[in-house]
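Structural overview for review
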Amino acid sequence: MEKFPLKSSSIPLNTTTTYQTMNKKYSNGSGISSVTSDDSDMIDITTSTAAGDRNAATRSQDDDDGNLQYSVGFSNMLESGDIPGIGQYDDFHTIDWQRDIARDRMRHRYIVKKKQDSIWTLLAGAHDAWSGWLCVLLVGLATGAVAGVIDIGATWMTDLKFGICPQAFWLNQEHCCWSPSEADLDSGNCSQWKTWAEILGHSSKGAGAYIISYLFYIVWALLFAALSASLVRMFAPYACGSGIPEIKTILSGFIIRGYLGKWTLIIKCVGLILSVSAGLSLGKEGPMVHIACAIGNILSYLFPKYGRNEAKKREILSAAAAAGVSVAFGAPIGGVLFSLEEVSYYFPLKTLWRSFFCALIAAFILRSINPFGNEHSVLFFVEYNKPWIFFELIPFIALGIIGGVIATIFIKANLYWCRYRKYSKLGQYPVTEVLVVTVITAVFAYPNPYTRMNTSQLIYLLFSQCGISNSDDLCDYNRNFTDVNSIEIAAAGDGVYRAVWLLILALVFKLIMTIFTFGMKVPCGLFIPSLCLGAIVGRLVGIFVEQVAYTYQKNWIFSGECSTGDDCITPGLYAMVGAAAVLGGVTRMTVSLVVIMFELTGGVRYIVPLMAAAMASKWVGDALGRQGIYDAHIALNGYPFLDSKDEFAHTSLAADVMQPKRNETLSVITQDSMTLDDIEQLLKETEHNGYPIVVSRESQYLVGFVLRRDLNLAIANEKRMVDGICGQSLVLFTSGHTIQALGPPPLKLKRILDMAPITITDQTPMETIVDMFRKLGLRQTLVTHNGRLLGVITKKDVLRHVKQMDNEDPSSVLFN
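The following refers to the structure shown. Only a predicted model underlies this, so the values are computations on that prediction, with no experimental measurement involved.

Another point: the overall build of the protein chain. Counting secondary structure elements, the protein chain contains 32 helices and 11 strands. Counting all 816 residues of the protein chain, 59% fall into the buried class. A total accessible area of about 33,200 Å² is found for the protein chain, and carbon and sulfur atoms account for 60% of it.

Now the structure itself:
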């Protein structure tokens, strides 16, 4: 396989660096960030194969048909499987999709061919066929179970800030009281649940009780946040943040060792419960994708077909990402679409089916656990009994525009703060930063009832319709309830105006705190804070439109639906549309967002308003800033990600980008005229990740390509296995057997040679090359002119060139 020029790498390729060291050395953004090494992404390929494959390859070699050349080149790579270590990828390298997929095809052909030999091989073939389904089944089961534990733990610990259930301390407030009426909880009529003031012997009312509750709220929040940040710092630096930018990069083919490991999984789960319980302005939904992918990564090692093949493993990770969103919101279809639209890089039809199955199983398990405590498997089930009116499309689109503006403000401010954190001394004190933000959040959140409550509860409250049982200020209208099924339109009371001011304060506070919270060194998601911001704006707009309709109900705009006196405007619907608008503006999701929203709320009849707001939000967001929050963080951290949604609009050619430039010397290896000393000297003087093999220095016709890592392993293996190898031994990449009789034995390394590297000419447009790198998953391509080798273009060269063309800093790309 193919690696390539690594000109000034700060981490030599042949150095073994432990995962913990990498974490310490490079964590400052979201776990990784500033590897300064220079080049590319070559790594390596294949593992061992069976004799049947070798025989098939030999037959291909004997065939005269030039179309079989690829098989020949690949079979040579397969034959290298007996060299220990070949077939693995190093940290911070990209995989070779073509190589890994071809390797899996050859493995599959071998299994099919051997099926008829015996009962055992028939069973092995059947196991290989259904192992993918079994793997995603296990991922779905595990993801659903873990999500249930996280939901229950976060709910209990959140309520712990307010009080405890003395008879059964392990119950949260709702289960302690077990009352179907939320009014009982809100009014404090539950005798089983005790506030901290009551535990200390005070009454539940009065200034003393308020101060005690305030102090306990702050102390618990600090304790949870400190524990979360400390666990992340000590045991799993990769467990911080939402994880979605890194998951997108990993699914595009990048290797980040330990990012989906068992320690990261454990600390992410525990830290997520703690950071959500601390009352910080974050959510647990985004990190659920990271948790699900970590589960998928760990379970894939039970099936060598996936565990030993990085390209195949990413099919399991795509299905796991769908399961993560499925359990986060109780939205399995939205999860599949989210994986397809937002996260996955390679998504064949087979992966779509398996993702659907995985999301279904995960949602079923979560529904069985029932952490939401209702008969619905969704997070915010609401039922609106009024259809929307056609003229309401205007405020819905206006909400989309407002959502796009709020999202752009958030993204730009958050990026500025994260960049400051990354390059200033603040980044050296992650736990202190978490504690300071937690104290500020707790001190300012407690006095406002809308910021004091759990964010998910607030969103549910904003989505809800006002009915007879609602006692919140938001439902303080001057109306007399005579018919439960028909609510009259009425003027807002004092409580509504008081709630409006508190919601405006809550909006400003949550926007500011989310800017500073997202990107801290604790597990933190963005879905719930974004939905909350949008729901607040939407509810405010809904109340405004409702009061306009009440005041002018005889006007021709409202006369049809509102003239009967019924409540024709549903403010909760506006909250739902506003939530979709802000989340869409922040993430730039469209299709998956609409599906998630109607699955999330059960509001299927409101797809058109959701679509209108989502599109308006995306257009405004794209006009004011090119990238969504995840793509922006990928760029900030320098991850090597070629976005398939971006267009390359420049007119440069391969000759403008290739390394080395026309007047510089290209490091090559000849096929049969270099000694071991020559090769080792070349390896010492250069840091390229791979080398083209040519006929001779005078006639630089391309023979193939060899990886630096493979070369080092093969040389070490030959020295160990063959007696008499010395510095004067010839290194041969040919199959010829004419050896000088008196000289030392040669090193025969043709088996590690890739005889079919991807090549282009120097006049190939970069637009075509960028597409090749995106769609074929290349790590490098060789540049020729009239058959002669001129240079090489690596993925890093492409990324640098794209950044240069876009007037951005090309040195920010992370690679080894």
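Here the narrative resumes, following the displayed structure.
A few words on the state of the cysteines. This structure, assessed with the given rule, holds 1 disulfide. Residue pairing for cysteine 165: its cysteine sulfur links by disulfide to cysteine 176, the two sulfurs lying 2.0 Å apart. Between cysteine 165 and cysteine 176, the S-S dihedral sits near 75°, and the bridge is therefore right-handed. Taken together, the residues cysteine 165 in the loop between strand S1 (163-164) and helix H6 (173-177) and cysteine 176 in helix H6 connect sequence positions 11 residues apart. Between cysteine 524, a cysteine without a disulfide, and cysteine 240, which holds the nearest cysteine sulfur, the sulfur-to-sulfur distance is 7.5 Å. Overall, cysteine 524 belongs to the buried group, its relative accessible area being 0%.

Take the sheet that holds strand S8 (residues 747-748) next. Taken together, 3 strands build an open sheet; the order of strands is S4-S7-S8 and the sheet is mixed. Both outer strands of the open sheet, strand S4 (674-675) and S8, are each paired with one neighbouring strand and no more. Of the pairings in the sheet, the one linking strand S7 (residues 730-732) to S8 comprises 2 bridges and is parallel in character. Across the sheet, the residue bridging to valine 731 is leucine 747, located in S8.

With that settled, consider the pattern of salt bridges. Under the criterion given, the structure shown has 24 salt bridges. Residue arginine 103 pairs with aspartate 100 through a salt bridge whose shortest N-O separation is 3.3 Å. In this pair, arginine 103 and aspartate 100 are both assigned in helix H4 (residues 97-114), 3 residues apart and thus about one turn of the helix distant. Given a relative accessible area of 0%, aspartate 100 falls into the buried group. The salt bridge partner of lysine 719 is glutamate 680, with a shortest N-O separation of 2.8 Å. Residue lysine 719 is located in helix H30 (residues 708-721), and its partner glutamate 680 is located in helix H29 (residues 676-685); the two are separated by 39 residues in the primary sequence. Looking at lysine 719, the relative accessible area reads 43%, which means it is partly exposed.

Residues Asp646, Glu647, Glu767 and Asp806 make up a contiguous surface patch of negative charge. As for its position among the elements, aspartate 806 is in the segment after helix H32 (795-805). The class of aspartate 806 is partly exposed, set by a relative accessible area of 33%.

It is worth spelling out the side chain of serine 456 at this point. The residue serine 456 is located in helix H20 (residues 455-463) in this model. If sequence neighbours within four positions are ignored, serine 456 has contacts with Phe380 and Ile528.

Taking burial as the measure, the 6 residues of strand S10 (residues 780-785) include 5 buried ones, the bulk of the element. Here strand S9 (residues 759-761) pairs with S10 via 3 bridges, running parallel. If you follow threonine 759 over to S10, its bridge partner there is leucine 782. Traced from S9 through helix H31 (residues 766-776) to S10, the parallel crossover comes out right-handed. Of the pairings in the sheet, the one linking S10 to strand S11 (residues 788-794) comprises 6 bridges and is antiparallel in character. Following the sheet pairing, leucine 782 is matched in S11 by valine 792. Linkage of S10 to S11, two consecutive antiparallel strands, is achieved through a turn of 2 residues, within which asparagine 786 is found at a positive phi near 55°.

In this section: the sheet that holds S11. Read from one edge of the open sheet, 3 strands run S9-S10-S11, paired in mixed fashion. The strands lining the two open edges of the sheet, one partner per strand, are S9 and S11. The mean inter-strand angle of the sheet, taken between neighbouring strand axes irrespective of direction, is 35°. Contacting S9, S10 and S11, H31 crosses the sheet at an angle of about 60° to S11.

The next subject is helix H24 (residues 571-587). The terminal C-alpha atoms of H24, which comprises 17 residues, lie 24 Å apart, in line with the 24 Å expected from a rise of 1.5 Å per residue. Burial of H24 is extensive: 17 of the 17 residues sit out of reach of the surface. After H24 finishes, the residue arginine 588 shows a positive phi value of roughly 65°.

Turning our attention to the side chain of threonine 158. By secondary structure assignment, the location of threonine 158 is in helix H5 (residues 119-160). A distance of 2.6 Å separates a polar side-chain atom of threonine 158 from the backbone oxygen of alanine 154. Excluding its chain neighbours within four sequence positions, the residues that come into contact with threonine 158 are Val276, Ser277 and Asn454.

The omega torsion across glutamine 659 and proline 660 is -5°, close enough to zero to call that bond cis. In this fold, proline 660 is placed in the loop between helix H28 (654-657) and strand S3 (669-670). The phi angle at phenylalanine 92 is positive, at roughly 60°, despite the residue not being glycine. Positionally, phenylalanine 92 belongs in the loop between helix H3 (69-79) and H4. At asparagine 786, a position not held by glycine, the phi torsion is positive, near 55°. Within the secondary structure, asparagine 786 sits in the loop between S10 and S11. The exposure class of asparagine 786 is exposed, given its relative accessible area of 67%.

Another aspect to go through is a nonpolar patch on the surface. Where nonpolar side chains cluster on the molecular surface, the patch consists of Met234, Phe235, Trp263, Ile266 and Val270 and spans about 510 Å² of accessible area. At 3 residues, the largest contribution of residues to the nonpolar patch is made by helix H11 (residues 262-277). If you trace the backbone, tryptophan 263 turns up in helix H11.

The next subject is the packing of helix H10 (residues 244-251) against helix H15 (residues 332-343). For any two helices packed against each other, one specifies the inter-axial angle together with the distance between the axes. Running from amino to carboxyl end, H10 crosses H15 at an angle of 75°, the nearest separation of the two axes being 11 Å. Judged by the inter-axis angle, H10 sits roughly perpendicular to H15. For the pair formed by H10 and H15, the contact residues are Ile244, Ile247, Lys248 and Leu251 on the first element and Phe338, Glu342 and Val343 on the second.

If you look at the biggest cluster of nonpolar residues, it comprises 158 residues, and the most contacted ones within it are Phe329, Phe338, Phe410, Phe463, Leu531, Ile536 and Met597. With 13 residues, helix H22 (residues 527-551) is the single largest residue contributor to this core. When residues no more than four places from it in sequence are discounted, the contact partners of methionine 597 are Phe463, Leu531, Met576, Ala579, Ala580 and Leu610. Counting 22 residues, the second-largest nonpolar core is a separate cluster that includes Met674, Leu682, Leu753 and Met755.

With that settled, the discussion passes to the environment of isoleucine 760. Counting through the fold element by element, isoleucine 760 comes out in strand S9. The spacing of isoleucine 760 and threonine 781 is 21 residues in sequence and 7.0 Å in space, taken between C-alpha atoms. Excluding its chain neighbours within four sequence positions, the residues that come into contact with isoleucine 760 are Ala654, Ile769, Met772, Thr781, Leu782, Val783, Thr784 and Ile793.

Calculation criteria
- Residues numbered from 1 in each chain as written.
- Predicted model: local features only at pLDDT ≥ 70, side-chain atom pairs only at ≥ 80, totals over all residues.
- Heavy atoms only, no water.
- Helix = DSSP H or I, 4+ residues; strand = E, 2+ residues; numbered from the N terminus.
- Buried < 20%, exposed > 50% of the residue type's maximum accessible area, 1.4 Å probe, protein only.
- Areas by Shrake-Rupley, 256 points an atom, 1.4 Å probe, with all protein chains shown as cover.
- Disulfide = S-S within 2.5 Å.
- Pairing = 2+ DSSP bridges.
- Salt bridge = Lys/Arg side-chain N within 4 Å of Asp/Glu carboxyl O.
- Patch = residues over 30% accessible without salt bridge, like charges linked within 9 Å, V, L, I, M, F, W, Y side chains within 5 Å.
- Lys, Arg positive; Asp, Glu negative; His and termini not counted.
- Charge placed at Lys NZ, Arg CZ, Asp CG, Glu CD.
- Contact = heavy atoms within 4.5 Å.
- Right-handed = clockwise from strand over helix to strand, strands pointing away.
- Axes fitted to C-alpha atoms, helices over the stretch in contact; angles between N-to-C directions.
- Expected span 1.5 Å × (residues − 1).
- Polar contact = N/O pair within 3.5 Å; in protein donor to acceptor, adjacent residues only side chain to side chain.
- Parallel < 35°, antiparallel > 145°, perpendicular 65-115°, else oblique.
- Core = buried A, V, L, I, M, F, W, Y, C linked by side-chain atoms within 4.5 Å.

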